[in-house]
Amino acid sequence: MLYYRIPMQIIVARNYESLSQKAADFVVSAILLKPSLVLALPTGSTPLGMYKFLVELYNRKKVDFSQVKVFDLDEYCGLTPEHSQSYAFYLRHNFLSQVNLKKENIHLQDGLLDVSQASQYSKQFEETIEEVGGIDLAILGIGRNGHIGFNEPGSKVDSLTRVIDLDDKTIQDNSRFFENISEVPRKAVTMGIGTILNSQKILLLAAGKNKAEVINSSMEGPVTVRVPASILQRHPAVTIILDQDAASQLKRKE
Ligand code: GLP
């Protein structure tokens, strides 16, 4: 279903290094403008370079995270925060433990939540976001099936934080991080599409040839729940940073 399309700012970087640098600069500029910025943080291989540059900029005293607040987008259900494939571990290891974020300003999804109490958990997570004034900048990666966070195809536009069954394609793609595919959790908890759309600004990152097709359908195809990222076409302040491979199927390059 096509609703309406708002022009997105699309930046095509020379390569992955440059994409990562531009993403880190984007985040730092936002923090300079608002030192108490509220961020939603992604995981996956794509943002690793951005986190590396953010830590570097912090070490060079170019940015101060002491008032910044962070929420993570998603987490596998059933993994402890110490599990090497949990997103809590990933974020702590690659970013949170290396900058001066205050413990009370870090809000991670709970992979060990009691799934039978999920609606209570979700309500609380959304309330915590509201209490800090909402998300200023949601940083996103994208799955090959168009998922953002873990909002798989079919996710409703107004969906909020909830537990979701992972798509077969996602389980297959993410199995590369586990010893074998049977170890990949089948459920996850994720901010909803509605939670993400409520953010003031959105920054989406994608790199590599295997993202070219989904970037084309998300950015230039119809807005449809079958491709969750296509819904970003309805948000007024989206910036997309791509490397040349991920941008290779776009017709319109800004
Ligand atoms: C996981 C995360 C997503 C992320 C995606 C892409 O499935 N839940 O939030 O966008 O991976 O990962 P990668 O950057 O490794 O391609």
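Bear in mind that the values here come from a model prediction, so they are computed numbers and not experimental data.

Participant: Please explain the sheet that holds strand β7 (residues 162-165) as it appears in this structure.
Facilitator: In a beta sheet, neighbouring strands pair by backbone hydrogen bonds and run either parallel or antiparallel. Taking strand neighbours across the sheet as the criterion, the 3 strands line up as β4-β8-β7 in an open arrangement whose pairing is antiparallel. In this open sheet, the two strands that pair with only one neighbour each are β4 (74-76) and β7. Going from strand to strand, the sheet's axes swing by 25 degrees on average, the running direction of each strand aside. As paired strands, β4 and strand β8 (residues 187-190) are joined by 3 bridges and run antiparallel to one another. The residue of β8 that forms the bridge with E75 is V189.

Participant: Looking at this model, I keep getting lost on the environment of R14. Mind explaining?
Facilitator: Mapped onto the elements, R14 comes out in the loop between β1 (9-13) and α1 (16-33). Here the alpha-carbon distance between R14 and E213, two residues 199 residues apart in the chain, equals 19 Å.

Participant: Help me understand the site of the ligand in this model?
Facilitator: In the neighbourhood of the ligand, 13 residues make up the surrounding shell, with S45, T46, D74, R176 and K211 lying closest. Contact distances for the ligand include 2.5 Å between an oxygen atom and a side-chain N or O atom of T46. Taking R176, its side chain carries an N or O atom lying 2.9 Å from an oxygen atom of the ligand. For the ligand, the accessible surface in isolation is 390 Å², of which the surrounding protein chains cover 94%. Taken together, the residues of the shell around the ligand break down into 3 nonpolar, 7 polar and 3 charged.

Participant: When you look at the sheet that holds strand β9 (residues 201-206) in this model, what are you seeing that I'm missing?
Facilitator: Overall, parallel pairing links the 7 strands, which are arranged β1-β10-β9-β6-β2-β3-β5 in an open sheet. Either end of the sheet is taken by a strand with one partner, and the two such strands are β1 and β5 (106-107). In the sheet, strand β2 (residues 38-41) pairs with strand β3 (residues 69-72) via 4 bridges, with the strands oriented parallel. The residue bridging V38 from the neighbouring strand is K69, located in β3.

Participant: Mind showing me how you'd approach the nonpolar core here?
Facilitator: In a soluble, globular protein the nonpolar side chains are often hidden away together inside. In terms of nonpolar packing, the biggest core is built from 38 residues, with L140, M191, L204, L232 and L242 touching the most fellow members. Of all the secondary structure elements, the ones that give two or more residues to this core are β2, α4 (118-131), β6 (137-140), α6 (193-197), β9, α7 (212-220) and β10 (238-243). A per-element tally of this core places α4 first, with 4 residues. Of all hydrophobic cores here, the second largest spans 33 residues; its members include Y51, V55, F65 and I139.

Participant: Could you clarify how one ought to interpret the packing of aromatic side chains in this entry?
Facilitator: For any pair of aromatic rings, the description consists of the separation of the ring centres together with the inter-plane angle of the planes. This model, assessed by the stated rule, comprises 10 aromatic pairs. Aromatic pair Y58 and F65: ring centres 6.2 Å apart, planes at 55 degrees, arrangement tilted. By relative accessible area, which is 24% here, Y58 ends up partly exposed. A cation over an aromatic ring shows up here: K52 above the ring of F53, its NZ or CZ 4.8 Å from the ring centre.

Participant: Help me understand the pairing of β9 in this model?
Facilitator: Moving residue by residue along a regular strand, the side chains alternate between the two faces of the sheet. Across the 6 residues of β9, 5 count as buried, placing the element largely inside the fold. Inspection of the sheet shows β6 paired to β9 by 4 bridges, in the parallel sense. Its bridge partner being in β9, I139 is matched across the sheet by L203. In the sheet, β9 pairs with β10 via 5 bridges, with the strands oriented parallel. For A206, the partnering residue across the bridge sits in β10 and is L242. In the classification by handedness, the crossover that spans β9, the intervening α7 and the parallel β10 is right-handed.

What counts and how
- Residues numbered from 1 in each chain as written.
- Predicted model: local features only at pLDDT ≥ 70, side-chain atom pairs only at ≥ 80, totals over all residues.
- Heavy atoms only, no water.
- Pairing = 2+ DSSP bridges.
- Helix = DSSP H or I, 4+ residues; strand = E, 2+ residues; numbered from the N terminus.
- Axes fitted to C-alpha atoms, helices over the stretch in contact; angles between N-to-C directions.
- Near = heavy atom within 4 Å.
- Polar contact = N/O pair within 3.5 Å; in protein donor to acceptor, adjacent residues only side chain to side chain.
- Areas by Shrake-Rupley, 256 points an atom, 1.4 Å probe, with all protein chains shown as cover.
- Nonpolar A, V, L, I, M, F, W, Y, C, P; charged D, E, K, R; others polar.
- Core = buried A, V, L, I, M, F, W, Y, C linked by side-chain atoms within 4.5 Å.
- Buried < 20%, exposed > 50% of the residue type's maximum accessible area, 1.4 Å probe, protein only.
- Phe/Tyr/Trp six-rings, centres within 6.5 Å; stacked < 30°, edge-to-face > 60°.
- Lys NZ or Arg CZ within 6 Å of the ring centre and 35° of its normal.
- Right-handed = clockwise from strand over helix to strand, strands pointing away.

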